[in-house]
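Structural features, examined
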Amino acid sequence: EDAPAAVAPSSGPASERGKQSRSGGGRKGADDQEEEEQPLQAVLIADSFNRRFFPITKDQPRALLPLGNVAMIDYTLEFLTSTGVQETFVFCCWMSHKIKEHLLKSKWCRPTSPNTVHIITSDLYRSLGDVLRDVDAKNLVRYDFVLVYGDVVSNIDVTQALQEHKHRRKVEKNISVMTMVFKESSPGHKSRCEEDDIIVAMDTKSQRVLHYQKTQGLKKLQFPMNIFHNGSEDFEIRHDLLDCHISICSPQVAELFTDNFDYQTRNDFVRGMLVNEEILGNQIHMHVTKDGYGARVSNLLMYDSVSSDLIRRWVYPLTPEANFTDREGPPCTHSRHNVYRGPGVSLGHGSQMVENVLIGCGTSIGADCHISNSVIGSNCNIGDNVTLDCAYVWNHVTISKNVTISQSVVCDRVEIREGVRLNKQCVLAYNVLIGPNVSLPDGTVVSMHHPDEEEEEDDDEFLSDGDADASQSKEKNKQKGFNPAEVGVEGKGFVWKTSSLDDTEDEELSQCLWGLVLNPDPESDSEASEPDDPDDPVIPSPEMDDVKVFELEVLGTLQRGLEENIGCDNLVVEVNSLKYAYNITLREVMQMLTRVVLEFPFQQQQGVQLSAAQYATVLLPLIERWAPLFKNYVKKAQDHLDCLSAFEEHFLEQEKHWPAMIKVLMSMYQLEILEEELIMRWFSQGATTDKGRQLRKNQGLQKFIKWLEEAEDESSEDE
Amino acid sequence: MPGADKNTDLSERIEAFLADLKRGGTGAGPLRGSAETARETTALLRRITAQARWSSAGDLMEIIRKEGRRMTAAQPSETTVGNMVRRVLKIIREEYARSRGSSEETDQQESLHKLLTSGGLSEENFRQHFPTLKANVIEAINELLTELEGTTYNIAMQALEHIHSNEVIMTIGRSRTVEDFLKDAARKRKFHVIVAECAPFCQGHKMATSLSQAEIETTVIPDAAIFAVMSRVNKVIIGTQTVLANGGLRAVNGTHTLALAAKHHSTPLIVCAPMFKLSPQVPYFPFSPSHSYEQRSVTHSLWWVRREILSKVNVYCPVFDYVPPELITLFISNIGGNAPSYIYRLMSELYHPEDHEL
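Residues numbered from 1 in each chain as written. Chains lettered and ligands numbered in written order. Predicted model: local features only at pLDDT ≥ 70, side-chain atom pairs only at ≥ 80, totals over all residues. Heavy atoms only, no water.

Let us look at the overall build of chain B. Secondary structure assignment for chain B yields 15 helices and 10 strands. Residue burial in chain B is summarised as follows: out of 358 residues, 53% are buried. Once local pairs closer than 6 in sequence are excluded, the contacts in chain B between residues at least 24 apart make up 79%. Approximately 15900 Å² of chain B is accessible, and the part contributed by carbon and sulfur atoms is 54%. (Helix = DSSP H or I, 4+ residues; strand = E, 2+ residues; numbered from the N terminus. Buried < 20%, exposed > 50% of the residue type's maximum accessible area, 1.4 Å probe, protein only. Contact = heavy atoms within 4.5 Å. Areas by Shrake-Rupley, 256 points an atom, 1.4 Å probe, with all protein chains shown as cover.)

In terms of regular secondary structure, chain A is built from 25 helices and 35 strands. Within chain A, contacts between residues at least 6 apart in sequence are counted, and of these 61% link residues at least 24 apart. When the accessible surface of chain A is split by element, carbon and sulfur atoms take 48% of a total near 30900 Å².

Let us look at the packing of aromatic side chains. Residue and element names in this part refer to chain A. Within the structure shown, the criterion is met by 12 aromatic pairs over all chains. Judged by centre distance (5.9 Å) and plane angle (70°), the ring pair of F91 and Y125 falls under edge-to-face. Remark: Y125 occurs in the loop between β5 (116–121) and α6 (128–138) and F91 occurs in strand β4 (residues 87–92); sequence separation between them is 34 residues. Each of the two residues, F91 as well as Y125, counts as buried. Here the aromatic rings of F257 and Y263 are separated by 5.9 Å at their centres, their planes lie at 85°, and the arrangement is edge-to-face. Across the pair, exposure class does not vary: F257 and Y263 are buried alike. (Phe/Tyr/Trp six-rings, centres within 6.5 Å; stacked < 30°, edge-to-face > 60°.)

Turning our attention to the nonpolar core. All names here are of chain A. Counting 71 residues, the largest nonpolar core has I73 and F269 as its most contacted members. Excluding anything up to four places from it in sequence, F269 contacts V177, M178, V253, L256, F257, Y263 and I284. Of all hydrophobic cores here, the second largest spans 59 residues; its members include V575, L578, V634 and F651. (Core = buried A, V, L, I, M, F, W, Y, C linked by side-chain atoms within 4.5 Å.)

Of all residues in chain A, 82% have pLDDT values of 70 or greater, and the mean over the chain is 77. Below pLDDT 50 for its whole length, residues 455–479 of chain A participates in 39 contacts with residues either more than four positions away or in separate chains. (pLDDT = per-residue confidence, 0-100.)

This next bit is on unusual backbone geometry. All names here are of chain A. A cis amide bond, omega -5°, links G435 with the succeeding residue P436. Within the secondary structure, P436 sits in the loop between β32 (433–434) and β33 (439–440). Although it is not a glycine, H245 sits at a positive phi angle of roughly 60°. Secondary-structure assignment places H245 in strand β12 (residues 241–249). The exposure class of H245 is buried, given its relative accessible area of 11%. The phi angle at Q425 is positive, at roughly 60°, despite the residue not being glycine. Here Q425 is to be found in the loop between β30 (421–422) and β31 (427–428). Residue Q425 is classed as buried on the basis of its relative accessible area, which comes to 14%.

All right, on to the pattern of salt bridges then. All names here are of chain B. Under the definition given, this model contains 33 salt bridges over all chains. Here E179 makes a salt bridge to K183, at a shortest N to O gap of 3.3 Å. Here E179 pairs with K183, and both are found in helix α9 (residues 176–186), just 4 residues apart, close to one helical turn. Of the charged contacts in the structure, one is a salt bridge between D184 and R187, with a shortest N-O distance of 2.9 Å. (Salt bridge = Lys/Arg side-chain N within 4 Å of Asp/Glu carboxyl O.)

Moving on to the sheet that holds strand β18 (residues 352–353) of chain A. All names here are of chain A. Strand order in this open sheet of 6 strands is β18-β21-β24-β27-β30-β33, and the pairing throughout is parallel. The open sheet has two edge strands, β18 and β33, and neither has a second partner. As judged from the 2 bridges shared by strand β27 (residues 404–406) and β30, these two strands associate in the parallel manner. By the bridge assignment, T404 is partnered in β30 with R421. (Pairing = 2+ DSSP bridges.)

All names here are of chain B. In this fold, S175 is placed in the loop between β1 (168–172) and α9. Overall, S175 belongs to the buried group, its relative accessible area being 12%. Within the structure, the side chain of S175 is placed 3.2 Å from the backbone nitrogen of V178, a separation counted as a polar contact. (Polar contact = N/O pair within 3.5 Å; in protein donor to acceptor, adjacent residues only side chain to side chain.)

Residues and elements named next belong to chain A. Their axes nearest at 10 Å, the elements helix α21 (residues 637–653) and helix α24 (residues 690–697) cross at an angle of 95°. Classified by the angle between their axes, α21 and α24 sit roughly perpendicular to one another. Across from E648, F651 and L652 in α21, the residues of α24 making contact are K691, G692, L695 and R696. When the residues that make up the contact of α21 with α24 are grouped by side-chain class, the tally is 3 nonpolar, 1 polar and 3 charged. (Axes fitted to C-alpha atoms, helices over the stretch in contact; angles between N-to-C directions. Parallel < 35°, antiparallel > 145°, perpendicular 65-115°, else oblique. Nonpolar A, V, L, I, M, F, W, Y, C, P; charged D, E, K, R; others polar.)

Take the packing of helix α19 (residues 586–604) of chain A against α21 of chain A next. All names here are of chain A. Relative to each other, α19 and α21 sit at 35°, their axes nearing to 9 Å. With respect to the hand of their crossing, α19 and α21 are arranged in right-handed fashion. Contacts between α19 and α21 involve R587, M590, Q591, T594, R595, L598, E599 and F602 from the former and D639, D642, C643, S645, A646, F647, E649, H650 and F651 from the latter. The residue makeup of the contact of α19 with α21, split by class, is 7 nonpolar, 4 polar and 6 charged. (Left-handed = near helix turned anticlockwise from the far one by under 90°.)

The two faces of the sheet receive side chains in turn, since in a regular strand these alternate between them. Residues and elements named next belong to chain B. Where burial is concerned, the two faces of strand β7 (residues 269–272) agree: the one with L269 and V271 and the one with I270 and C272 are both buried. Bridging between strand β4 (residues 235–238) and β7 involves 3 bridges; their strand directions are parallel. Looking at the pairing, I238 lines up with V271 of β7. As judged from the 3 bridges shared by β7 and strand β9 (residues 330–333), these two strands associate in the parallel manner. Looking across to β9, one finds that C272 is bridged to I332.

Ordered in space as β17-β20-β23-β26-β29-β32 (chain A), the 6 strands form an open sheet in which the pairing is parallel. With partners counted over all chains shown, the strands left at the sheet margins are β17 (346–347) and β32 of chain A, one partner each.

Let us now look at helix α5 (residues 96–105) of chain A. Residue and element names in this part refer to chain A. Looking only at α5, the buried set comprises S96, I99 and L103. On an axial view of α5, the arc spanned by its buried residues comes to 65°, and they lie on one face. α5 presents H97 and K105 as exposed residues on the side facing more than 90 degrees away from its buried surface. Structurally, α5 contributes buried residues whose contacts are with α4 (72–82), β4 and β5. (Arc of directions from axis to C-beta.)

What follows covers the environment of G360 of chain A. Residues and elements named next belong to chain A. Here G360 shows up in the loop between β19 (357–359) and β20 (364–365). Take G360: its relative accessible area is 8%, and that puts it in the buried class. For the pair G360 and G700, spaced 340 residues apart in the sequence, the C-alpha separation amounts to 89 Å.

On to the side chain of T267 of chain B. Its location among the elements puts T267 of chain B in the loop between α12 (255–264) and β7. Ignoring anything within four residues of it in the chain, the contact list for T267 of chain B reads M230, V233, N234, K235, V236 and A262 of chain B.

Pasting the structure below:
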């Protein structure tokens, strides 16, 4: 059910505030004023539509997970409000009631909030595309809007980007549909999510995005040549950008999502726009910021780095002691070495808070503890002699003595008994009990939910990429009991995966959670790089089928053959191997080969218009050269006909070259690639289209056929 | 109900102001400079006085104290807000005393004898109702606003008394007060200004550009060169973020170095500070970081360090220095020049001792 919950204050004060905050000199005239007063809207998607945080997000939606003891969605809303957004639509799907509850309690839904928040929930959303289609259907946005996810932490001032965006739209009406915000950041910087690594080709002057690609660990990247042919002379190919996942969109974006119902993510949209630029005429621009901070918490590794950046005050003014959510009670204090203490924190004798530590209110810490680079939530109880390094301990957690935790996440209400050791990248989901005296190996994930439970819900809850992992775990945890060897004698919880097991599937989940670099598998590698063959002037469509790839491959082979003077026998071998690689039928091979050869002169003289005569002069030697290749494939009667139909198809498209057609046919006949009998048959078979009939009426062709008939007669007479 | 409308309008304004403060009052956010913050605060307090529901001075003071606490908590490094709240509280006390017919002088004088004999001033409960009080308080706040409008001008007026021809003046960073001060002097006198750039934010560059546009001979030096250049300097004129109760300063980072260098060379150090920067805070040690610095993103160089290295690096970027009063020669405020030792006296004139803690 959709429920625009909350509190629209009467339009009077809102518009007044608009005037105030927009500082605009909007006294120029009615039109100008109208434009000045457009309230800035935002669409916030409080769902990730993936399962990267999975066993954790089973109990709590990702947008509400605490980051520096504040729910992630609050950072996003604060970011939006501080850039001057006056109306935000929050779209929730998974656990929408929890998000709604949280928002209704927060300061964003108070009547005094300068940013009116509308909450829209539906279980039907499956992707960003669904949300935007709904935005379009409900007609929610009227002006340019900011599109963000509920897990973006940023202090970037997008005002400038917004002005640029509006300016572009004014100059060229409705051409630019989206402005993406990037932050400059060196490759390998820890706020760059490696699986989100991108490479962007842009036009320096207009800031237009020409090519946008996720690198996905590829060593070799290829760009379509055509992006460099149009526009200005200055291009930049940049790999030093961090995608902040903040985009300024025009209302058209929602419409475009409706028109293209197959777009699921922003990535689809951007690629679709870039590929179909000539058809749709829409462009995408970008804005690069040097200062400011913007990152999306897309996995636990990012959670780790964003948290530590937050504590090291990179996101100023969003610092832990700023209390921007207006929580009750005194805010936490900030002292040297970035140690933040909430009210009511007690620290035992000999305990050290080394550096970069945030401790929420009401937490008590025992004696001789050693805490560094960690966040501890509120009302936790930590025993004596505990060592925490890079630990993220949420609220109401109990940790007994002699516990060591490094680089792990411990969720709400977890209990850790004596002598437990959590190695790197462990995750203890809600309510788990561990111990005493166990050591969890690297990457252990423990949850109160049995891994099997997930199976049943899988189909209706999420479109997941982790389905495969789930089924794997089934055998392992068939018994519905806690395994004391894994979680300790008193332990409660199911171990999901252990990356130390010799199981490739297992590693994948841990990597999913922590988002380590996935080794790109060879198939996707080749698929991603080959379509972008630099010699290929055709814009590769995103979903390239095998036949198309095969055609390009054949073209490449022939070109190479020409350049390196490879004999026809070797070419045959190459084409055969390609045929098997792409699983192409012999008939298709024939058609492709014919088409490729006939188009070959165009490929060689890119962009230059060839006259019929020139075409013929280029093509004829080629046909002569590759005649053995043809003969190898064109054997049966049907082969001849196929070859001829491809021939016909080609010339139907190239009407201007009909004069050359006859020469080509002639030479193919003379080279004994095609037999006269079958040419006659093809001719007499008649055409299916008007154009085909026209082709057959072509004088040259008719003459040629006549000549063939006569030749046949003669030869038969000779016998 | 019109009353409710008024109330929501008021609280909306307060929230908006708080949000602006949180987003960085000192230059980065929508509020630029402490003069503007002071004006905004006072205007908001006037609005509260006019629109909030109160029947006696005590009620009003309670309301203002409450809002004042929230405002100061929103941006602890911006002391101007708290100062203005205290000024307004003092105004209310004075107006109340005047309405009762007693002179505020009697309240003001605090001798040891009086402290010992009287049961304490707080017995005064401000509960009496005076119909004219509201108008009087608003009138007095308006006067305060007029005073605030004129502070920079009043300080600049005194420039010719301090800057003489062919002097070499050194300053650090960018202060609007100092900028106006120097420009005013430049109308009549020729002198040379050396600006320390004040890394890493390098506000000094802006200052130098602005001064040279006013045709003042200007040189920018790196902070490290302050000591070397000091021997040639006749006077150091700086601005400050806050003047503390002991006559010390909380000023932009690097000021302490500058003050020490000036002391070494016996160069006079003049601080241009409007009265609204006078704060009843006293420095306490160790200077708490949230008071001494607020880290902005120092994105310039270290952002480019790779992951493995950066996780072991802590970047600290203090914004303010504490400068002890013995290094300062003179304060120039909008009401004239004062020695640091006289600050305590100004303090007691401006604020009521009971308001020091909001």
